[in-house]
Amino acid sequence: MQVRVFYHDKCFDGACSASLFTRFHRERIAPGASYEYRGLVHRAGALFDESQFTGDENAIVDFKYSPSPRITWWFDHHQSAFLTPEDHQNFLACKQDPACGSRKFFDPNYTSCTSFLAYIAAKRFGFDTAPLAELIHWADIVDGAQYESPEAAVEMAAPAMKLTLILESTGDPAFIPQLIPLLTEMPLAEVLSQPFVADLLPALLERHHQALELIRSRAEERDGTIFFDITDHPLEGFNKFIPYYLHPEATYSIGLSKSSFRTKVAVGSNPWTKADPEKMVNLAQVCERYGGGGHARVGAISFPPDQTDRARAAAAEIVAELRAKNPFA
């Protein structure tokens, strides 16, 4: 059996979910199956290319729902999991069909897709998740921003943090598919020590420090909201906790950036804020108005790379909205 696993690209939780799915599927569903991996990114326009759904089984993990009948497995935990109401209805109809519903799962209450997938695999299929405790633990920390402090998130002492940096920054399309199987085969420190991984780290750490200084020079905090525009310095990714490391008193952050395939409006909230959660804005709902999505506390919007003006206008509207809704005002 050939299985194609589609995962949230350039994302620690996406890679961990793909790895955990592989091990679960091999141990409990199809021993001897072969696996290939395809990264999915949030971008303007169509998110899926159905011509790639060519496996005997096709799985999507940690990414939006596809109603394609070629998709045989789906796991996601994002509040904005459905592109359209029709997609949501398709999923609800699937859950009424025992064959379909037993292989497609959604729960936005889970911190990471990795921990959600682990729970379903253990409860429904008898999969032993004990050997993967470290992976599940760090997927929750990274995807749920459950760090002890901004320093822990930005200074990146732990192996999982260094792997996150590499995953979010790599421009090599072959790198993450090579890395995915290792994440459930060895401890994270050992994964990091593999030559094809370790060799990338020094240059990326230097780039990380440059991004920190760039954002330091651009970030403006006012009325509890940070804004910065670094579209004139194209980056494939940057550490999303840098704004709170620089401005720990802030509640929200909006960052405008550009990569090779999109102009991105990143919208986040400070994981260490003392604000009353009841007074905080649901950022997924804000991003959905512009065609994006995410979680209640973090989201993003993707525009084509040549539509910086549209992205800048959306960012300005969101900045104004969040500054007007300062929970400490």
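Predicted, not measured: the structure shown is a model, and the values here were computed from it.

1. A word on the overall build of the chain
Across its full length, the chain carries 14 helices and 11 strands. Since a compact globule built from 329 residues should have a radius of gyration of about 20 Å, the 19 Å found for the chain is in line with a globular shape. On the principal axes, the C-alpha backbone points of the chain span a range of 55 × 45 × 40 Å. Counting across all 329 residues of the chain, residues that qualify as buried make up 54%.

2. Considering the packing of helix H1 (residues 12-28) against helix H4 (residues 113-125)
At a closest axis distance of 8 Å, the pairing of H1 and H4 adopts a crossing angle of 15°. For the element pair H1 / H4, the angle class is roughly parallel. Like other packed secondary-structure pairs, H1 and H4 cross with a definite hand, here right-handed. Between H1, through Asp 13, Cys 16, Ser 17, Leu 20, Phe 21, Phe 24 and Arg 28, and H4, the contact on the second element is made entirely by Cys 113, Thr 114, Leu 117, Ala 118, Ala 121 and Phe 125. Of the residues in the contact of H1 with H4, the class split is 9 nonpolar, 2 polar and 2 charged.

3. Some details on the state of the cysteines
Enumeration according to the criterion identifies 1 disulfide in this entry. Sulfur-sulfur distance for the disulfide between Cys 94 and Cys 100 comes to 2.0 Å. Judged by the sign of its S-S torsion, about -105°, the cystine formed by Cys 94 and Cys 100 is left-handed. Of the cysteine sulfurs around Cys 11, a residue in no disulfide, the closest is that of Cys 16, at 8.3 Å. Residue Cys 11 is classed as buried on the basis of its relative accessible area of 10%.

4. Some thoughts on the environment of Tyr 245
Its location among the elements puts Tyr 245 in helix H12 (residues 242-246). Of the residues examined, Tyr 245 reaches a relative accessible area of 25% and is grouped as partly exposed. When the C-alpha atoms of Tyr 245 and Ala 152 are compared, they prove to be 9.5 Å apart, with 93 residues separating the residues in sequence. Side-chain polar atoms of Tyr 245 contact the side chain of Glu 155, separated by 3.3 Å.

Rules and cut-offs
Residues numbered from 1 in each chain as written. Predicted model: local features only at pLDDT ≥ 70, side-chain atom pairs only at ≥ 80, totals over all residues. Heavy atoms only, no water. Helix = DSSP H or I, 4+ residues; strand = E, 2+ residues; numbered from the N terminus. Rg over C-alpha atoms; globule rule 2.2 N^0.38 Å. Buried < 20%, exposed > 50% of the residue type's maximum accessible area, 1.4 Å probe, protein only. Axes fitted to C-alpha atoms, helices over the stretch in contact; angles between N-to-C directions. Parallel < 35°, antiparallel > 145°, perpendicular 65-115°, else oblique. Left-handed = near helix turned anticlockwise from the far one by under 90°. Contact = heavy atoms within 4.5 Å. Nonpolar A, V, L, I, M, F, W, Y, C, P; charged D, E, K, R; others polar. Disulfide = S-S within 2.5 Å. Polar contact = N/O pair within 3.5 Å; in protein donor to acceptor, adjacent residues only side chain to side chain.

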